[in-house]
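The chain contents come next:
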Amino acid sequence: MATPPITTASSARPTTGWKRSVGNYVALTKPRIIELLLVTTVPVMFLAERGVPDLWLVVATLVGGTLSAGAANTFNCVYDRDIDALMDRTRNRPMVTGEVTPRAGVVFGLALTVISTAWFVVLVNLASALLSLAAIVLYAVLYTMVLKRRTSQNIVWGGVAGCMPTLIGWSAVTGSVGWPAVILFLVIFFWTPPHYWPLSMAFKDDYANAHVPMLPVERGAVAVARQIVAYSWVMVAVSLALVPVADMGWIYLVAAVASGVVFIGEAHRLLRLAKEGAATKVLKPMRLFHFSITYVTLLFLAVAVDPLLHLAIG
């Protein structure tokens, strides 16, 4: 694989002031993605505790998780700067514009990696530190460097990194990994393709121009929609498995069923329109993308609330 070209000083855009510099480095961490990762961390801590976990432990885990995810995203920005320059939605990232040099980006990513790992070891526990470090490696190496440019299944296996917060949240409370955490790990694993492929459908031309073999670039809309439907059904089925495994009550069950029905309905809507040959503006794949965020938020909110207001089933 060819190494992405190094941005030269002559092509760099001048940076004006420390606030802009800070903003550029923050942008490398992709804060919006981090927010979504943290949504899956805290509720699992409530479930592991079967109540309200220690507030300081929650804060320490969130800070460590933010630093860890920021490191992974920074490495991604450094390595992908060549293809980011070819895509409309990413061409203004600091690594593309030259406001942050590749060397500075790597140093920043390494610093975040060391700090986040040490943070977890000292303030949380060793198990969470190792899981956090594994998440960085999975995203920066497995997904970014190995899979993304080589296979249309990149987001399926590369998405494992995004599942790790469920394990980290559980281990932060218990010091180990339990079956409820594994179930929620699998929920996010099967959620990732129907979450990301609609986005890839909407920006298919971008990925094609950058020669990134996302599934919508390699396959037609009908084939992609069929896989989205399949993953959606499995995702909802796995989410229901948490009920017997973790002794969840009516609050979680109702939330999982209701949000799952809507998710599956949206997936089937996408497939129906794809079979009709609808244009992208009619398909509206971003509709499913945005709802997928709502889905995971509602589901994990129920994960947190159910142990607090447990209404036993049967």
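Look above for the structure.
Residues numbered from 1 in each chain as written. Predicted model: local features only at pLDDT ≥ 70, side-chain atom pairs only at ≥ 80, totals over all residues. Heavy atoms only, no water.

**Looking at the overall build of the protein**
Formally: Helix numbering and strand numbering both begin at the N terminus, where a helix is a DSSP run of H or I of at least 4 residues and a strand a DSSP run of E of at least 2. Only C-alpha atoms enter the radius of gyration, while the globule expectation follows 2.2 Å times N to the 0.38, with N the number of residues. Relative accessible area decides the class of each residue, using a 1.4 Å probe on protein chains only: under 20% of the type maximum gives buried, over 50% gives exposed, and in between gives partly exposed. Every residue pair with non-hydrogen atoms within 4.5 Å of one another is taken to be in contact. Throughout, the Shrake-Rupley method with a 1.4 Å probe supplies accessible areas, and for residues the shown protein chains are the sole cover considered.
Along the backbone of the protein there are 17 helices and zero strands. For 314 residues, the compact-globule estimate of 2.2 N^0.38 gives 20 Å, and the protein sits close to it at 20 Å. Dimensions of the protein, computed from the C-alpha atoms along their principal axes, are close to 70 × 55 × 30 Å. Every one of the 314 residues in the protein was classed for burial, and the buried ones make up 52%. Sequence-distant contacts, at least 24 apart, represent 76% of the contacts inside the protein between residues at least 6 apart. Here the protein displays about 13900 Å² of accessible surface, and carbon together with sulfur accounts for 68% of that area.

**Describing the packing of helix α10 (residues 160-174) against helix α11 (residues 179-202)**
What describes two packed helices is the angle between their axes and the distance between those same axes. Rules: Note on geometry: axes are lines fitted to C-alpha atoms, helical ones only across the stretch in contact, with angles between N-to-C directions running from 0 to 180 degrees. In what follows, roughly perpendicular refers to angles from 65 to 115 degrees, roughly parallel to angles under 35, roughly antiparallel to angles over 145, and oblique to any angle outside these ranges. Crossing handedness: left-handed means the near helix sits turned counterclockwise from the far one by under a right angle, and right-handed means the same turn made clockwise.
Contact pair α10 / α11: the axes reach a minimum separation of 8 Å and the direction vectors enclose 160°. With respect to their mutual orientation, α10 and α11 come out roughly antiparallel. Judged by the twist between their axes, the crossing of α10 over α11 is right-handed. The segment α10 lies against α11, with Val160, Gly162, Cys163, Met164, Thr166, Leu167 and Trp170 engaging Pro180, Ala181, Val182, Leu184, Phe185, Ile188 and Phe189.

**Observations concerning the packing of aromatic side chains**
Keep this limit in mind: For Phe, Tyr and Trp, rings pair up if their centres lie within 6.5 Å, where Trp contributes its six-membered ring, and each pair is then called stacked (planes under 30 degrees apart), edge-to-face (over 60) or tilted (otherwise). Whether a charge sits over a ring comes down to the Lys NZ or Arg CZ being within 6 Å of the ring centre and within 35 degrees of the ring normal.
Taken as a whole and assessed by the stated rule, the structure comprises eight aromatic pairs. A centroid spacing of 5.1 Å and a plane angle of 70° characterise the contact between phenylalanine 263 and tyrosine 295, whose relative ring orientation is edge-to-face. Within this pair, whereas phenylalanine 263 is found in helix α15 (residues 250-275), its partner tyrosine 295 is found in helix α17 (residues 285-308), the two being separated by 32 residues in sequence. For the pair formed by phenylalanine 263 and tyrosine 295, the shared burial category is buried. Ring-pair connections join several aromatic residues into one group, and the members of that group are Trp157, Phe189, Phe190, Trp197 and Tyr231. Over the face of the ring belonging to phenylalanine 203 we find arginine 89, whose NZ or CZ atom lies 5.4 Å from the ring centre.

**Here's the deal with the environment of alanine 27**
Tracing the chain through its elements places alanine 27 in helix α1 (residues 18-28). Judged by relative accessible area, which is 36%, alanine 27 ranks as partly exposed. With 170 residues separating them in the primary sequence, alanine 27 and tryptophan 197 have C-alpha atoms 23 Å apart.

**Observations concerning the side chain of asparagine 76**
Along the chain, the position of asparagine 76 falls in helix α4 (residues 55-79). In this view, asparagine 76 contacts Lys30, Tyr139, Tyr143, Thr144 and Lys148; residues no more than four positions away in its chain are not counted.

**Looking at the packing of helix α7 (residues 102-123) against helix α8 (residues 126-147)**
It is at 7 Å that the axes of α7 and α8 come closest, and there the two elements cross at 160°. Taken as axis vectors, α7 and α8 run roughly antiparallel relative to one another. Note on packing geometry: the crossing formed by α7 with α8 is right-handed. In contact with Thr113, Ser116, Thr117, Phe120 and Val121 of α7, α8 contributes Leu126, Ser128, Ala129, Ser132, Leu133 and Ile136.

**Description of helix α14 (residues 221-246)**
Put simply, the rule reads: Given the number of residues in a helix, its expected span is that number minus one, multiplied by 1.5 Å.
For α14, with 26 residues, the first-to-last C-alpha span of 37 Å sits near the 38 Å given by 1.5 Å per residue. Backbone geometry just downstream of α14 places aspartate 247 in the positive-phi region, at approximately 55°.

**Some remarks on unusual backbone geometry**
Of note, the phi angle at lysine 30 is positive, near 55°, even though the residue is not glycine. The topology assignment puts lysine 30 in the loop between α1 and α2 (31-39). For lysine 284, which is not a glycine, the phi torsion comes out positive at approximately 50°. Here lysine 284 shows up in the loop between α16 (280-283) and α17.

**A few points about a nonpolar patch on the surface**
We count it as follows: Only residues above 30% relative accessible area that lack a salt bridge enter a patch, with like-charged residues linked at up to 9 Å and the nonpolar side chains Val, Leu, Ile, Met, Phe, Trp and Tyr linked at up to 5 Å. Note on definitions: salt bridges are taken to be side-chain nitrogens of Lys or Arg within 4 Å of carboxyl oxygens of Asp or Glu.
Side chains of Leu133, Val137, Val141, Met145 and Val146 sit close together on the surface and give an oily, nonpolar patch of about 340 Å² of accessible area. In this fold, valine 137 is placed in helix α8. On the basis of relative accessible area, valine 137 is assigned to the partly exposed category, the value being 45%.

**A look at the nonpolar core**
Using the following cut-off: Only buried Ala, Val, Leu, Ile, Met, Phe, Trp, Tyr and Cys residues count toward a nonpolar core, and they belong to the same one when joined by side-chain atoms within 4.5 Å.
By size, the foremost hydrophobic cluster in this structure holds 86 residues, and its most contacted members are Leu242, Tyr252 and Tyr295. In terms of residue count, α11 provides more of this core than any other element does, 13 residues in total. Those residues within four positions of leucine 242 in sequence are excluded, and the remaining contacts are Leu47, Pro180, Ile183, Leu184, Asp247, Met248, Tyr252 and Val303. With five residues, the next largest nonpolar core counts Cys77, Val78, Met95 and Val100 among its residues.

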